[in-house]
Amino acid sequence: MIVDEHIEIIRKYLPQYLSTQAQDKLIKDLSENFPESQDPFKIYRNLNEDNFIYQGDGIIDIPFAIFDSSSGEFEVAYQEGISMSNTCDILPDNEKTRLDIINVQFAGLFPLKKYISKLEEKNIGDDRIQSFIESLKNNHISNLFYLPERKHNEKVILPESFIKFDFNVTLPTSIFKSERYDLNYNENNGDRLFSLSNYGFYLFLIKLSIHYSRIREGVFRDN
């Protein structure tokens, strides 16, 4: 929960395109819930535009390179991913001003239940596993972002999962204009799992910034 003296600082850096009402709602959500992301009704929203990908969108069947240490070769694994590239940078309109192709970067999404099963197979103790789950759900792990289960009626669109910011791939945006992907939402039989609400997007950007932009490395870089 955010203390009162930080509210005005946060308000200063809210997106200016939000209406006053939307800003007030976001401030309320942040002051009451930050940095928790366990309520799907606060994290996810379906957006109106489905012709392009927004930053923070979950997409199925993203090809990631997996290194096989036994063979020394890379294999391709298709799994869920989340767009990390800024929406403005990957808009189709930018193709008119770019001299080269536009790429979009994705981070991998991992189902929590499957990950816990792998930890148990490695004989990781239950205390450590429970500590990990608590830290994950409270968003205290810098390179991970917790995502709650998302359902539509009784259909599970996304199981309880987490983003791994240091597991990523870069793809040309042209792929998503072909018949390979349908950018409708999954409940409408498309390949888009979710978009983020204002609150979910704010948390996502905070975690993304913490992962990539910390300046506490302790390395003296001047001669």
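Model, not experiment: these values are computed from the prediction.

## Digging into the overall build of the protein
Here comes step 1: Along the backbone of the protein there are 7 helices and 9 strands.
Here comes step 2: Taking all 223 residues of the protein together, the buried fraction comes to 41%.
Here comes step 3: Relative to all contacts within the protein whose residues are 6 or more apart in sequence, the contacts with residues 24 or more apart total 65%.
Here comes step 4: A total of about 13800 Å² of accessible surface is found on the protein, and carbon and sulfur atoms cover 49% of it.

## Let's talk about the packing of aromatic side chains
Here comes step 1: Summed over the entire model, instances satisfying the criterion amount to 14 aromatic pairs.
Here comes step 2: Ring plane angle 20° and centroid distance 4.8 Å describe the contact between Phe64 and Phe167, whose orientation is recorded as stacked. Of this pair, Phe64 sits in strand E2 (residues 58-68) while Phe167 sits in strand E8 (residues 161-172), and the two are 103 residues apart along the sequence. For the pair Phe64 and Phe167, a shared accessibility class is recorded, and that class is buried.
Here comes step 3: In textbook terms, an aromatic cluster arises when at least three aromatic residues are bridged by ring pairs, as seen for Phe64, Phe110, Tyr115, Phe132, Phe162 and Phe167.
Here comes step 4: For Arg192, the ring lying beneath its charged end belongs to Tyr185, and the centroid distance is 5.2 Å.

## Description of the pattern of salt bridges
Here comes step 1: This structure, assessed with the given rule, holds 5 salt bridges.
Here comes step 2: One salt bridge in this structure joins Asp57 and Arg192, with 2.3 Å as the shortest N-O distance. Pair noted here: Asp57 is in the loop between strand E1 (44-45) and E2 and Arg192 is in strand E9 (residues 192-196), with a separation of 135 residues, a long-range link. The two residues Asp57 and Arg192 agree in class, both being buried.
Here comes step 3: Residue Asp166 is joined to Lys164 by a salt bridge in which the shortest nitrogen-to-oxygen separation is 2.9 Å.

## Digging into the side chain of Asn186
Here comes step 1: Relative to the assigned elements, Asn186 resides in the loop between E8 and E9.
Here comes step 2: With relative accessibility at 13%, the residue Asn186 sits in the buried group.
Here comes step 3: Leave out the neighbours within four places in its chain, and Asn186 touches Lys155, Ile157, Arg192 and Leu193.

## A few points about the nonpolar core
Here comes step 1: In terms of nonpolar packing, the biggest core is built from 24 residues, with Leu147, Ile163, Phe194 and Phe204 touching the most fellow members.
Here comes step 2: Looking at this core, the elements with two or more residues in it are helix H2 (20-33), strand E4 (103-111), strand E5 (144-147), strand E7 (155-158), E8, E9 and helix H7 (198-213).
Here comes step 3: Examining the composition of this core, we find that 6 residues originate from one element, H7, more than from any other.
Here comes step 4: Judged by nonpolar contacts, the second largest core, of 15 residues, contains Ile59, Phe64, Leu171 and Ile175.

## Some words on the pairing of E5
Here comes step 1: A two-sided burial pattern is seen for E5, the buried positions comprising Leu144 and Tyr146 on one face and Phe145 and Leu147 on the other.
Here comes step 2: Direction of pairing for E5 relative to E8: antiparallel, over a ladder of 4 bridges. Residue pairing in the sheet places Tyr146 in a bridge with Phe162 of E8.

## Considering the sheet that holds E5
Here comes step 1: The strand order across the open sheet formed by 7 strands is E1-E9-E2-E3-E4-E8-E5, and the pairing between neighbours is antiparallel. Looking at which strands have only one partner, the edges of the open sheet turn out to be E1 and E5.
Here comes step 2: Sheet topology note: the E2/strand E3 (residues 73-83) ladder contains 9 bridges and is antiparallel. Directly across from Ile59, in E3, lies its bridge partner Gly81.
Here comes step 3: Packed on one face of the sheet, helix H5 (residues 112-121) meets E4, E5 and E8 and runs near 60° to E4.
Here comes step 4: H7 rests against E3, E4, E5, E8 and E9 of the sheet, and its axis sits at about 80° to E8.

Cut-offs and rules
Residues numbered from 1 in each chain as written. Predicted model: local features only at pLDDT ≥ 70, side-chain atom pairs only at ≥ 80, totals over all residues. Heavy atoms only, no water. Helix = DSSP H or I, 4+ residues; strand = E, 2+ residues; numbered from the N terminus. Buried < 20%, exposed > 50% of the residue type's maximum accessible area, 1.4 Å probe, protein only. Contact = heavy atoms within 4.5 Å. Areas by Shrake-Rupley, 256 points an atom, 1.4 Å probe, with all protein chains shown as cover. Phe/Tyr/Trp six-rings, centres within 6.5 Å; stacked < 30°, edge-to-face > 60°. Lys NZ or Arg CZ within 6 Å of the ring centre and 35° of its normal. Salt bridge = Lys/Arg side-chain N within 4 Å of Asp/Glu carboxyl O. Core = buried A, V, L, I, M, F, W, Y, C linked by side-chain atoms within 4.5 Å. Pairing = 2+ DSSP bridges. Axes fitted to C-alpha atoms, helices over the stretch in contact; angles between N-to-C directions.

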